[in-house]
Amino acid sequence: MDSSAALSERESRDRELFDRIASTYAKKDLKPAHRIARKLRLTQTLKVADFGPAPRVMEIGCGAGFAARYMEGRYGAFVGIDYSEKLISYAREFNRNERATFEVVNINDYEPPEQFDVVFMIGLLHHLDDPAETLTKVLKHLRPGGWVVANEPQSGNPLVSWLRQMRKKVDKNYSDEQLEYARGDLRAIFEKAGLTDIKIVPQGILSTPFAEVSMPAQPLMAPISYICCALDRVLESALSPILYSVAWNLVAAGRRPA
Ligand SMILES: C[S@@+](CC[C@H](N)C(=O)[O-])C[C@H]1O[C@@H](n2cnc3c(N)ncnc32)[C@H](O)[C@@H]1O
């Protein structure tokens, strides 16, 4: 990233954290128990937006770039951006393909040459200083009618909130600045950014711990993760409206006005 690009204090701390934990972070997607849960979170997130075949896709805060691999064959072009140089160098080495490229850049400074059909982010909004302001800029990089989709931690389940507080105390690789959103918070951010056709749905009940926390004993954990992912797929499609007080995350989707 251009070293002259100014970062806020919070952004500097955050980028330093992700550079420091990059190699551990990238390894999560290489372990079977975590890979299936992370892939499920991605597919359940993108499912909320309805876009056509072979879209031009941008992922903001793409980390080690595994979404490009999980979605391979489903996009015309994939651009992953992240301000962690270490994560992007990993993404370029292992997840680049002829349609997928990665850039080290702060989303607030990014000026892509072409517009996208879909811009998505997983666990990114709560790292931003002003999410609505950033999404307003992102809207310009989207074709009219194109989708923004975000998956974020939610505050609807007190047990999950307590577990996150505990994790902050014991896991030095987990950001202290982790936030949770209520449904209304995400809707307000999307509305303020000028998005329309906004949808908010709950995501992740049993599978989310496997998507987030690196676990030992993979031969034991992998089958448990498979079962949890299968159950979540069913629960999320059959019971979505009543999962707001249970799920770990919310997916928010909205469109750039046509
Ligand atoms: C919680 S991680 C999520 C990574 C990945 N999406 C995943 O699901 O594993 C948040 C990522 O966003 C990146 N990030 C945070 N703020 C950013 C910004 N302003 N511009 C670009 N990347 C940013 C961080 O470096 C980090 O890789």
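Keep in mind it's a predicted model, so treat the numbers as computed, not measured.

A. Representation of the environment of Arg-35 within the structure. Structurally, Arg-35 can be placed in helix α2 (residues 32–46). Once the C-alpha coordinates of Arg-35 and Phe-210 are considered, the two residues, 175 residues apart in sequence, prove to be 8.4 Å apart. Engagement of the side chain of Arg-35 in a polar contact is seen with the backbone oxygen of Leu-30, the distance being 3.2 Å.

B. Spatial organisation of the packing of aromatic side chains. One pass over the full model with this rule turns up seven aromatic pairs. Here Phe-66 and Tyr-90 contribute two aromatic rings whose centre-to-centre distance is 6.1 Å and whose plane-to-plane angle is 35°, an arrangement assigned as tilted. On the criterion of sequence distance, the pair formed by Phe-66 in helix α3 (residues 66–70) and Tyr-90 in helix α4 (residues 85–94) is long-range, its members being 24 residues apart. Taking relative accessible area as the criterion, Tyr-90 reaches 18% and is therefore assigned buried. Through successive ring pairs, a cluster of aromatic residues spans Phe-66, Tyr-70, Tyr-90 and Phe-94. When the ring centre of Phe-116 is taken as reference, the NZ or CZ atom of Arg-56 above it lies at 5.0 Å.

C. A look at α4. Residues of α4 that are buried: Leu-87, Ile-88, Tyr-90 and Ala-91. Taken down its axis, α4 places every buried residue within 155° of arc, on the same side. Along α4, the residues that are exposed and aim more than 90 degrees away from the buried face are Lys-86 and Glu-93. The secondary structure elements touched by the buried residues of α4 are α1 (9–27), α3, β2 (77–82) and β3 (100–104).

D. Structural context of the nonpolar core. In this structure, Leu-42, Met-71, Phe-78, Phe-120 and Val-149 are the most contacted members of the largest nonpolar core, which totals 34 residues. The greatest single-element share of this core, amounting to five residues, is contributed by α1. Setting aside its immediate chain neighbours within four residues, Phe-78 contacts Val-57, Glu-59, Ala-67, Ala-68, Met-71, Arg-99, Ala-100, Thr-101, Phe-102 and Phe-120. Of all hydrophobic cores here, the second largest spans 31 residues; its members include Leu-125, Leu-135, Leu-142 and Tyr-244.

E. How the structure looks around the side chain of Asp-14. Tracing the backbone through its elements, the reader meets Asp-14 in helix α1. Buried charge without a salt bridge: Asp-14, with Arg-10 as the nearest opposite-charge side chain at an N-O distance of 6.2 Å. Once residues within four sequence positions are removed from consideration, Asp-14 is found in contact with Tyr-83 and His-127.

F. Summary view of the site of the ligand. Every one of the 20 residues lining the ligand counts as a neighbour, but Tyr-25, Arg-38, Gly-61, Asp-82 and Asn-106 are closest to it. Its free accessible area being 590 Å², the ligand has 94% of it covered by the protein chains. Every element with two or more residues in the shell around the ligand is listed here: α1 and α2. Broken down by element, the residue count for the shell around the ligand peaks at three residues, all from α1. When grouped by side-chain class, the residues that make up the shell around the ligand number nine nonpolar, six polar and five charged.

G. Region of the structure containing the state of the cysteines. In this structure the tally under the stated criterion is zero disulfides. Cys-229 carries a free sulfur, and the closest cysteine sulfur to it, the one in Cys-228, is 7.0 Å from it.

Conventions adopted
Residues numbered from 1 in each chain as written. Predicted model: local features only at pLDDT ≥ 70, side-chain atom pairs only at ≥ 80, totals over all residues. Heavy atoms only, no water. Helix = DSSP H or I, 4+ residues; strand = E, 2+ residues; numbered from the N terminus. Polar contact = N/O pair within 3.5 Å; in protein donor to acceptor, adjacent residues only side chain to side chain. Phe/Tyr/Trp six-rings, centres within 6.5 Å; stacked < 30°, edge-to-face > 60°. Buried < 20%, exposed > 50% of the residue type's maximum accessible area, 1.4 Å probe, protein only. Lys NZ or Arg CZ within 6 Å of the ring centre and 35° of its normal. Arc of directions from axis to C-beta. Contact = heavy atoms within 4.5 Å. Core = buried A, V, L, I, M, F, W, Y, C linked by side-chain atoms within 4.5 Å. Lys, Arg positive; Asp, Glu negative; His and termini not counted. Salt bridge = Lys/Arg side-chain N within 4 Å of Asp/Glu carboxyl O. Near = heavy atom within 4 Å. Areas by Shrake-Rupley, 256 points an atom, 1.4 Å probe, with all protein chains shown as cover. Nonpolar A, V, L, I, M, F, W, Y, C, P; charged D, E, K, R; others polar. Disulfide = S-S within 2.5 Å.

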